[in-house]
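One-letter residues, chain by chain:
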Amino acid sequence: TAARQAAEHHLSFNEELILLAIHGILHLLGYDHERSPQDARIMQDKTQAVFETLFPGRRPSGTSNF
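Keep in mind the model is a prediction, meaning the values are calculated, not measured. (Residues numbered from 1 in each chain as written. Predicted model: local features only at pLDDT ≥ 70, side-chain atom pairs only at ≥ 80, totals over all residues. Heavy atoms only, no water.)

Here the focus is the overall build of the protein chain. A count of helical and extended segments in the protein chain gives three helices and zero strands. Mapped from its N terminus to its C terminus, the protein chain presents α and β elements in the order α-α-α. Principal-axis analysis of the C-alpha atoms gives the protein chain an extent of 30 × 25 × 20 Å. Residue burial in the protein chain is summarised as follows: out of 66 residues, 29% are buried. Intrachain contacts of the protein chain at a sequence separation of at least 6 include 43% that bridge at least 24 residues. Surface accessibility of the protein chain: about 4,200 Å² in total, with carbon and sulfur atoms responsible for 58%. (Helix = DSSP H or I, 4+ residues; strand = E, 2+ residues; numbered from the N terminus. Buried < 20%, exposed > 50% of the residue type's maximum accessible area, 1.4 Å probe, protein only. Contact = heavy atoms within 4.5 Å. Areas by Shrake-Rupley, 256 points an atom, 1.4 Å probe, with all protein chains shown as cover.)

So this is what it looks like as structure tokens:
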């Protein structure tokens, strides 16, 4: 699944794994994108901020909701 999503998001496999880890950690911290559109936006913004800190200039694209 990660390999397929990496291609869809225009990321390397390792970048996709990190993206999934960020997403999971945010859930463990109590964030939930399924509660409301506002919560989804907050989680999306946090995911992007952490990802861009780790991979400056890179952003998931394509089918990514991040």
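Enumeration over the complete set of coordinates arrives at one aromatic pair. Note on Phe-51 and Phe-55: the rings are 4.9 Å apart at their centroids and 40° apart in plane angle, and the pair reads as tilted. We classify Phe-51 as buried; its relative accessible area is 1%. (Phe/Tyr/Trp six-rings, centres within 6.5 Å; stacked < 30°, edge-to-face > 60°.)

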